[in-house]
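# Working through the structure, step by step
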Amino acid sequence: MHSTEGEYIYMSRVYNFNAGPAALPLPVLEQAQAEMLEWGGSGMSVMEMSHRSKDFASIVEAAEANVRKLMNISDDYEVLFLQGGASLQFAMIPMNLRRPGKTADYVDTGSWASKAIKEAKVTGTTNVAWSGKEENYMRVPKEGELNLTSGAEYVHICSNETIGGIRFPDFPKTDAPLIADMSSEIMSRVIDVSQFSMIYAGAQKNLGPSGLALVIIRKDLIERTSEDTPIFLRYSTHAKEKSLYNTPNTWAIYILKLVTDYFDSLGGIAEVQKINEAKAKALYDVLDSSSFWRAPADKESRSIMNVVWRLPSEELEETFVAEAKKAGMVGLKGHRSVGGIRASIYNAVPKEAVDCLIAFMKDFEAKNG
Ligand SMILES: *Cc1c(COP(=O)(O)O)cnc(C)c1O
């Protein structure tokens, strides 16, 4: 099989295009392996440490400092590491930030936005300000298409739809606080955090293992939460305790720290973005080069993290996935709800993986086109 970057060649490692949990940078896995039995002179692994120990405090502080540095986050925001993934945020956001009798606006761009909307409807008034459903979620809305509520508590978007493979190239300007689910694109491109009142992401796409959510939230927003909200589900609880109110997912925070160290070593998010754009462009160029491939997403809305496409028949799609697997490339089957092919090319997926996929595609088209 192919070689990978790093000191060793792992004969059994594949090129991993999984949508999530997804590929992790090889140098991170190597470091975690090296520190597995004993971390930094502590005499134990990170998983065995007290979350109240000085050693673990140094890890969680470094993780937060990395996030702040890489995303250029000001002191107006809290950076929290919470459990329950991005899905618990779907519930916590309306519980904390939509006061009784008020409305929250949601933009429906696909599967994940819809799931957030479904959860918001459980606890209060939810206005769907725009929906791409009737167009099969092939694009994000243009400025001016949003039907926003005056005096809304917030506007929620999913900035990158993992299943449909679309993203906001730029973000809507709203009077109400803007909140974004960035699970599948966090730290993949430079963004201006100050445009948002809150950004959150499940870690398992770009940042580390599953079960951890990164939450970046303006301090003034945290004050909104009413006393009726369960203590554990309040942002204020976790902010006050620096993400250590109860035992957090210590291992996942440690891996996130290593992953963000790695992004920093590449030169930060601007450099990561360049690599990501090159990978995505190379892949979309192949998809645009012939009618054998069909990428349904509108060009302006194309995701650079999740690239979705169809082949002339479902039978050929199955063959494509099976043969790619034999060639050492896995995770290419589209989500069960939309079918087709999806290559998730997150930060940790190396350019060589995409080059290998492209060579395979050209060969596949020559044989089957
Ligand atoms: C994966 C994903 C989620 C769900 O994440 P969990 O950690 O499984 O709850 C939510 N939103 C988006 C955009 C995702 O890609």
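Thresholds applied
- Residues numbered from 1 in each chain as written.
- Predicted model: local features only at pLDDT ≥ 70, side-chain atom pairs only at ≥ 80, totals over all residues.
- Heavy atoms only, no water.
- Domains from an automatic or database assignment.
- Contact = heavy atoms within 4.5 Å.
- Buried area = accessible area lost by both parts, 1.4 Å probe.
- Salt bridge = Lys/Arg side-chain N within 4 Å of Asp/Glu carboxyl O.
- Polar contact = N/O pair within 3.5 Å; in protein donor to acceptor, adjacent residues only side chain to side chain.
- Helix = DSSP H or I, 4+ residues; strand = E, 2+ residues; numbered from the N terminus.
- Nonpolar A, V, L, I, M, F, W, Y, C, P; charged D, E, K, R; others polar.
- Pairing = 2+ DSSP bridges.
- Axes fitted to C-alpha atoms, helices over the stretch in contact; angles between N-to-C directions.
- Near = heavy atom within 4 Å.
- Buried < 20%, exposed > 50% of the residue type's maximum accessible area, 1.4 Å probe, protein only.
- Arc of directions from axis to C-beta.
- Core = buried A, V, L, I, M, F, W, Y, C linked by side-chain atoms within 4.5 Å.

This paragraph deals with the domain arrangement of the chain. Segmentation of the chain into domains returns domain 1 (31-265) and domain 2 (268-368). Between the C-alpha centres of domain 1 and domain 2 the distance comes to 27 Å. Taken together, the contacts link 25 residues of domain 1 with 24 residues of domain 2. Taking both partners together, domain 1 and domain 2 bury about 2,000 Å²; carbon and sulfur atoms supply 55% of that area. Between domain 1 and domain 2 we count 0 salt bridges in total. Where domain 1 meets domain 2, there are 13 residue pairs in polar contact (both at pLDDT 80 or more). Only strand 6 (160-161), strand 7 (166-167) and helix 7 (250-265) provide two or more residues apiece to the side of domain 1 that touches domain 2. Partitioning the side of domain 1 that touches domain 2 into residue classes produces 10 nonpolar, 8 polar and 7 charged.

With respect to topology, 7 strands assemble into an open sheet ordered 2-10-9-8-5-3-4, the strand pairing being mixed. If you trace the sheet from one side to the other, it starts and ends with strand 2 (77-83) and strand 4 (125-131), each paired once. Adjacent strand axes in the sheet meet at a mean angle of 20°, parallel and antiparallel pairs treated alike. Pairing analysis gives 5 bridges linking strand 9 (residues 198-202) to strand 10 (residues 212-218), with the strands arranged antiparallel. Looking at strand 10, one finds that Ile199 is bridged to Ile216. In the packing of helix 2 (residues 54-71) onto the sheet, the strands contacted are strand 2, strand 9 and strand 10, and the crossing angle to strand 2 comes to about 125°.

Another point: the site of the ligand. Around the ligand, 13 residues are found, and the nearest of them are Ser87, Thr162, Asp181, Gln204 and Lys205. Between the ligand and Ser87, the relevant distance is 2.6 Å, taken from an oxygen atom to a side-chain nitrogen or oxygen of the residue. Residue Asp181 places a side-chain N or O atom 2.6 Å away from a nitrogen atom belonging to the ligand. It is helix 3 (residues 85-97) that provides the largest number of residues to the shell around the ligand, a total of 4 residues. Among the residues forming the shell around the ligand, the class breakdown is 4 nonpolar, 7 polar and 2 charged.

Once that is clear, we can look at helix 4 (residues 111-123). The set of residues buried in helix 4 consists of Ala113, Ala116, Ile117 and Ala120. The arc that holds the buried residues of helix 4, viewed along the axis, is 100°, so those residues lie on one side. Exposed residues lying more than 90 degrees from the buried face of helix 4 are Lys118 and Val122. Looking at the buried positions of helix 4, the neighbouring elements they touch are helix 3, strand 3 (103-108), strand 4, strand 5 (155-158) and strand 6.

The next point concerns the environment of Leu332. With respect to the secondary-structure elements, Leu332 resides in the loop between strand 12 (329-330) and strand 13 (341-344). Taking the C-alpha atoms as reference points, Leu332 and Asn16, separated by 316 residues in sequence, lie 8.5 Å from one another. Discounting residues that sit within four places of it in the chain, Leu332 has contacts with Phe17, Phe320, Val321, Ala324, Gly340, Ile341, Arg342, Ala343 and Leu357.

Moving on, we get to the pairing of strand 9. Counting buried positions along strand 9 gives 5 out of 5 residues, so the element sits mostly inside the fold. Judged by which residues are buried, strand 9 turns out to be covered on both faces: Met198, Tyr200 and Gly202 on one side and Ile199 and Ala201 on the other are all buried.

Before going further, it helps to spend a moment on the nonpolar core. In globular proteins that are soluble, nonpolar side chains generally tend to be buried together. With 55 residues, the main nonpolar core has Val67, Met71, Phe81, Met187 and Ile216 as its most contacted residues. In terms of residue count, the dominant contributor to this core is helix 7 (9 residues). When residues of this core are sorted by domain, at least three fall in each of domain 1 (31-265) and domain 2 (268-368). In this structure, Ile216 is in contact with Val67, Met71, Ile73, Tyr77, Glu78, Val79, Val193, Ser197, Met198 and Ile199, ignoring residues within four places of it in sequence. Core analysis: the next-biggest nonpolar cluster, separate from the first, contains 36 residues, Ala19, Phe292, Met305 and Tyr346 among them.

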